[in-house]
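Chain residues, written in single-letter form:
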Amino acid sequence: MKRAVVALMLLAAAGCHRVSSPGPAATAYGVAIVSVSGDKQVAGAGAALDQPLVAQVNDAQGSPVAGAMVRFSAAGDVRFDPPSGLTGSDGQFTSKVHLGGMAGRVSLIAITQDKSGKAYQVEFPEIALDYQQMLGRELSEQYCSRCHNPESTAERVSNHDNLAAPPHLFSDGAALNSMTKANLVAVISHGGSAVGKSAEMPPYGLTLSAADIEALAAYIRAVADPPYRPQGVFNANP
Amino acid sequence: MSLFEKIRQLLFRDSMRAFGTFSVALLLLLAVVPAKDHFRQWLGYQNDYQRLIRNRSDGVSLARRFQGGVQQTWLPDLNVVDRCTTCHVGLKEASLVGVAQPFRPHPPIPHALSEFGCVMCHRGQGFATTVDDAHNSTLAWEQPILPARYVESSCGQCHEKPLTGTPQLNTGRDMLARYGCVHCHKIASPEGQVMTATDTPPPLRHVAAKTSREWIYAWIKNPQAYAATATMPNFQLSDDDARDLSAFLINQSTPYLEGPAKAVAVSSDVQAGSSVYGESFCASCHAMQNAAGLMVGGNVGPELTRVGSKVKPEWLGEWLRNPKTYDPETAMPHYRFDEKEIGMVMGFLGSKADSDFMANVKLEPATPAQIAHGKTLVNERGCASCHEINGIAHPDNFAPELSGVGSLALAKILFAPGIPHTVPDYIAAKIRNPHSFGSALKMPQFTLTDGQIDSLVTALLAQTARAKSLPATMRIQAPSPSTYQPAGKAGRLIADMRCFSCHMINGRGGSMAPDLTWEGSSVQRGWLVNFLKHPNTLRPALIRRMPKFNMTDDDASTLADYIMTAYQTPAFDSDSMDASKFAAADAAHGKDLYYGKYACNSCHILDPAKDKGYLGPTLTQAGTRLNAAWVFHWLQNAQKLRPGALEINWNMGDDDARAITAFLMQQKGGAK
């Protein structure tokens, strides 16, 4: 079993990684590493994240450390460009990311070491979507996000604040995780008034296909924060 | 006695002993076969799988569905022989989500695995039964697994029509058409439909009237230094080459006006010019960097952040007066500005200059030898693939055809050092840095993000030999481009104002603005005439809006008559519902439904003092704007009237639809 996983990982690594020459050695050391930006992004499995990861190394006083070594790592075939390097004068190190081929919650780790070799790390949690969830995301951009996302962009002005009953963000796991999938599908298909909620949520059952609505439900589950935990199968394996 | 003699004595002393020796040897030999089978890699995986499911609560049902031995999906029509399910035994077991590979279930997709197999989408060697042979390229087998980031390309083998759920493939195909790729490379679908360009590179026949040689020099040296959003690639010209190329382009240029350009009094009131620019909604098509450094505006026309450093004032005046005088094919509408407005827009655009851009360009007058060399360069670099240039014919097939590039044979590829030997890596490297394959390569350097390169590679990988070999019934073709062209005086006005640049009519045109195919059934003539003359904002949330074309009364009424007559839907008779005959009780009931049951006010503003939703069009003057029968049928099934409409398909009963229509037809409020 373990052999198989290792073999697969090696395979993926062999297929994707460019051979990188060992970089320069650290010229300074910090005792803390924090994430500056690039966490909580959502992209298709295997796709590039829109924003690069930026990690910052600090000293004991919390000031940025230039010249400290930062190394990114993750399970599976995630690709970092570059995977490691030294922090700049602002104490930060930036790396572009392609997610691995498996959908799900992805944990990207930035690691630095102090002089004694003790490691400090920070996690960048990201989400990789499978086909159905990607479809859900596309549909949500088209039909849902104008009301369910309060953020306005130059291309899309939000209608969120114009509504009497503020719609839930799709990432609002605290509210949406407790709804069953049948419930989610019912609200989307038949509208809010059909389930005793606001009529401002219209019925999409005839505008979208059943498969489209399934995809929206899958996307809502995929981006839930806190993460959605399905009622699993009992598994006695270690 | 020698060792050899000892062994001979031991094993073959007499015939009995020799027979025994041979028998044992044969037995061992025969045992090799089952032993070899016992150590097969796939058997190990199947044993692992059985151990995995043993302790699960659903183990019994999983075990019941498990089939040992080599599994095979054989689809002769699709040329698929896949044994992947020999190791990937849990592909159809949704409950195994989250377990380690190779036992994970396949994520949900709209196709049955048993009808499509695995290699259709993932590539790899379907008939292999070892991990290495199936996933990697070896000396004998050259098809490795397709990395996940390109997997949408496989959808593109059948789906030639844009598909929701494959954003990367769609983006890649749009880019192939928009970034000029198809000007040089032929890319055809398996049916032979050739991809056409959606960009419109400007003609250069009269370029000397438009801009200076210095600007051309600086631009061709680095287009993105002038405009970050420019799609023109960088040809990495040397200073001398840029000098000679600019000399030739100026030299070949001919005048486009009979006489001198008409003099315009350029206004120094930049603020007033900015207002005309804003009111004309130039930003619907043109982007400009604002004070905060953000790019604001559309990408139909060129970015205008530094346009004051580029165009000559006398050219700009003529261009604003009527762009078709200079370029008959331009997407830019004829705005019918008066001379004062032209002067104001010129003042504003002239202020959008950047003195740094050409500060270091000092060019001596060109020599005949330099001009001749410039012409050679134009031919070598294929400039005429995109631009019209006097004396240079459009080169056919300037670059290799890419119709089958997705399944290029590895043996035919010359890999640059350091590039993994796979087709996706080759295509990506070629796009990312063409000159890594040799400085003599003609392909220019594009400025692209990693995501854009992934998209382009995805679109190109869809061009496979497999796609060509699939049964034609499997392919979902894109609609062939429409050549719809309205005739007569209205047709000329539609062409003059370039309605197709933004509006779709009968399958032709852009997607920025509403589809007008059935506009005549949708609106009232009086409103339409007024709107054409004074377009106001129907959708408050939109940034891109209908420009004011300064039409004459005659033009507006000709156009309105044509739209009202020609653009009628066959779905209903637009005279079938008389708005004056609605009962007051109907309208009152309609109001209750509007604000209650259907909560139309979530998206539409009807009473500006009270309503807030602004996704759909404003309905304050629905009664003077819309046709009653259209509203009635729209409420019943909007997508039937306009496919893809964001309006909900309410499937509304006749009574509810009639009541809301009655209520809406009462709304004649507001001057605007």
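Residues numbered from 1 in each chain as written. Chains lettered and ligands numbered in written order. Predicted model: local features only at pLDDT ≥ 70, side-chain atom pairs only at ≥ 80, totals over all residues.

(A) Highlighting the overall build of chain A. A tally of regular secondary structure across chain A gives five helices and nine strands. For chain A, the α and β elements follow one another from N to C terminus as α-β-β-β-β-β-β-β-β-β-α-α-α-α. Put simply, chain A has 238 residues, and 37% of those count as buried. When contacts within chain A are restricted to residue pairs at least 6 apart in sequence, those whose partners lie at least 24 apart make up 60%. (Helix = DSSP H or I, 4+ residues; strand = E, 2+ residues; numbered from the N terminus. Buried ≥ 20, exposed ≤ 12 C-beta atoms within 10 Å, placed from the backbone. Contact = placed C-beta atoms within 7 Å.)

(B) Expanded view of the overall build of chain B. Each helix and strand in chain B was counted, giving 30 helices and six strands. The C-alpha atoms of chain B give a radius of gyration of 34 Å, which is well past the 26 Å a tight globule of 672 residues would have. In terms of overall dimensions, chain B has C-alpha extents of about 120 × 85 × 45 Å along its principal axes. Counting across all 672 residues of chain B, residues that qualify as buried make up 35%. Counted over contacts in chain B with a minimum sequence separation of 6, partners at least 24 positions apart contribute 65%. (Rg over C-alpha atoms; globule rule 2.2 N^0.38 Å.)

(C) Examining the nonpolar core more closely. Ranked by internal contacts, the top residues of the largest apolar core, which has 143 residues, are Leu99 and Ala128 of chain A together with Val345 of chain B. Take this core: its biggest share by element is eight residues, from helix α5 (residues 210-222) of chain A. When sequence neighbours within four positions are dropped, the list of residues in contact with Leu99 of chain A reads Ala43, Ala45, Gly46, Ala47, Leu49, Val78, Val106, Glu126 and Ala128 of chain A. Counting 22 residues, the second largest nonpolar core, distinct from the first, contains Ile216, Trp219, Ala242 and Cys383 of chain B. (Core = buried A, V, L, I, M, F, W, Y, C linked by C-beta atoms within 7 Å.)

(D) Spatial organisation of the interface of chain B and chain A. Each partner contributes residues to the interface: chain B has 46 residues there, and chain A has 43 residues. Elements that contribute at least two residues to the side of chain B that touches chain A include exactly α3 (41-54), α7 (131-135), α9 (167-178) and α20 (450-461) of chain B. Tallied by class, the residues present in the side of chain B that touches chain A amount to 22 nonpolar, 16 polar and eight charged. (Nonpolar A, V, L, I, M, F, W, Y, C, P; charged D, E, K, R; others polar.)

(E) Looking closely at the sheet that holds strand β4 (residues 69-73) of chain A. Residue and element names in this part refer to chain A. Spatially, the five strands line up as an open sheet ordered β2-β9-β8-β4-β6, and their pairing is mixed. Looking at which strands have only one partner, the edges of the open sheet turn out to be β2 (42-44) and β6 (84-86). Within this sheet the neighbouring strands show an average axis-to-axis angle of 30°, counted without direction. As defined by bridge partners, strand β8 (residues 104-113) adjoins strand β9 (residues 119-129) across ten bridges and the pair is classed as antiparallel. Bridge pairing links Gln113 to Ala119 in β9. (Pairing = 2+ DSSP bridges. Axes fitted to C-alpha atoms, helices over the stretch in contact; angles between N-to-C directions.)

(F) A look at the packing of helix α22 (residues 488-496) of chain B against helix α25 (residues 553-566) of chain B. Residue and element names in this part refer to chain B. In contact at an axis separation of 9 Å, α22 and α25 are set at 110° when each is read in the N-to-C sense. Between α22 and α25, the crossing angle belongs to the class labelled roughly perpendicular. On α25, the residues touching Lys489, Ala490 and Leu493 of α22 are Asp555, Thr558, Leu559 and Tyr562. Taken together, the residues that form the contact of α22 with α25 break down as four nonpolar, one polar and two charged. (Parallel < 35°, antiparallel > 145°, perpendicular 65-115°, else oblique.)

(G) Geometry of the sheet that holds strand β7 (residues 92-98) of chain A. Residue and element names in this part refer to chain A. Pairing within the open sheet is antiparallel, and its four strands lie in the order β1-β3-β7-β5. Each of the sheet's edge strands pairs with one partner strand only, and the pair in question is β1 (32-37) and β5 (79-81). Across the sheet, the axes of successive neighbouring strands diverge by a mean angle of 35°, strand direction being ignored. Bridge analysis of β1 against strand β3 (residues 53-58) gives five bridges, and the strand direction is antiparallel. Pairing of Ala32 across the sheet is with Asn58, part of β3.

(H) The arrangement of the domain arrangement of chain A in detail. Residue and element names in this part refer to chain A. Domain boundaries in chain A define domain 1 (13-129) and domain 2 (131-222). The gap between the C-alpha centroids of domain 1 and domain 2 is 33 Å. The interface is formed by four residues belonging to domain 1 together with four residues belonging to domain 2. Split into classes, the residues belonging to the side of domain 1 that touches domain 2 amount to three nonpolar, one polar and no charged. (Domains from an automatic or database assignment.)

(I) How the structure looks around α25 of chain B. All names here are of chain B. Helix length check: α25, at 14 residues, gives a terminal C-alpha distance of 20 Å against a target of 20 Å (1.5 Å per residue), a fit within 8%. For α25, the complete set of buried residues consists of Asp555, Leu559, Ala560 and Ile563. Here the buried residues of α25 occupy an arc of 125° about the axis, which is enough to place them on one side. More than 90 degrees from the buried face of α25, the exposed residues found are Asp553, Asp554 and Thr565. Where α25 is buried, its residues contact α22, α23 (519-522) and α24 (525-533). (Expected span 1.5 Å × (residues − 1). Arc of directions from axis to C-beta.)

(J) Just the domain arrangement of chain B, in detail. Segmentation of chain B into domains returns domain 1 (3-35), domain 2 (41-145), domain 3 (167-198 + 398-474), domain 4 (207-376), domain 5 (488-566) and domain 6 (579-665). Relative placement of domain 2 of chain B and domain 6 of chain B: their C-alpha centres are 53 Å apart.

(K) Inspection of the pairing of β8 of chain A at higher detail. Of the strand pairs in this sheet, β4 of chain A and β8 of chain A are connected by three bridges, and their pairing is antiparallel. Following the sheet pairing, Phe72 of chain A is matched in β8 of chain A by Ala110 of chain A.

(L) Expanded view of the pairing of β4 of chain A. Residue and element names in this part refer to chain A. Within β4, four of the five residues are buried, leaving the element largely enclosed by the surrounding structure. As paired strands, β4 and β6 are joined by three bridges and run antiparallel to one another. The residue of β6 that forms the bridge with Val70 is Gly85.

(M) Fine view of the confidence of the model for chain A. For chain A, the average pLDDT comes to 87, and 87% of its residues sit at 70 or higher. The model gives residues 8-21 of chain A a pLDDT under 50, and that stretch makes 15 contacts with residues more than four places away or in other chains. (pLDDT = per-residue confidence, 0-100.)

(N) Inspection of the environment of Phe549 of chain B at higher detail. All names here are of chain B. Within the secondary structure, Phe549 is located in the loop between α24 and α25. For the pair Phe549 and Ser280, spaced 269 residues apart in the sequence, the C-alpha separation amounts to 7.7 Å. Contacts of Phe549, omitting those with residues within four sequence positions, involve Pro333, Tyr335, Arg336 and Met497.

(O) Looking closely at the confidence of the model for chain B. Mean pLDDT over chain B works out to 92, with 98% of the residues at or above the 70 mark. Both confidence scores are given for the complex: pTM 0.89, ipTM 0.87.

(P) Just unusual backbone geometry, in detail. For the bond from Asp81 of chain A to Pro82 of chain A, the omega torsion is -5°, close enough to zero to count as cis. Considering the arrangement of structural elements, one finds Pro82 of chain A in the loop between β5 and β6. Residues Asp225 of chain A and Pro226 of chain A are joined by a peptide bond in cis, for which omega reads 5°. Looking at the element boundaries, Pro226 of chain A is found in the segment after α5. The backbone phi angle of Arg123 of chain B is positive, close to 60°, even though this residue is not glycine. Although it is not a glycine, Phe281 of chain B adopts a positive phi angle of roughly 55°.

(Q) Structural view of α5 of chain A. Residue and element names in this part refer to chain A. Its 13 residues place the ends of α5 18 Å apart at the C-alpha level, agreeing with the 18 Å of an ideal helix rising 1.5 Å per residue. All of the buried residues in α5 are Ile213, Ala215, Leu216, Ala217, Ala218, Tyr219, Ile220, Arg221 and Ala222. Lining the buried residues of α5 we find β9, α2 (131-148), α3 (173-176) and α4 (181-190).

(R) View of the packing of helix α16 (residues 313-321) of chain B against helix α17 (residues 339-351) of chain B. Residue and element names in this part refer to chain B. At a minimum axis distance of 10 Å, the contact between α16 and α17 shows a crossing angle of 130°. Put simply, α16 runs oblique to α17. Crossing hand, α16 versus α17: right-handed. Packed against α16, whose contacting residues are Pro313, Leu316, Gly317, Leu320 and Arg321, the element α17 presents Ile342, Val345, Met346, Leu349 and Gly350 at the interface. Class assignment of the residues belonging to the contact of α16 with α17 gives a composition of seven nonpolar, two polar and one charged. (Left-handed = near helix turned anticlockwise from the far one by under 90°.)

(S) Inspection of the environment of Lys186 of chain B at higher detail. All names here are of chain B. Position of Lys186 among the secondary structure elements: in the loop between α10 (181-184) and α11 (207-210). For the pair Lys186 and Pro617, spaced 431 residues apart in sequence, the C-alpha to C-alpha distance is 42 Å. When neighbours within four sequence positions are excluded, Lys186 is seen to be in contact with Val194, Asn397, Glu401 and Ser403.

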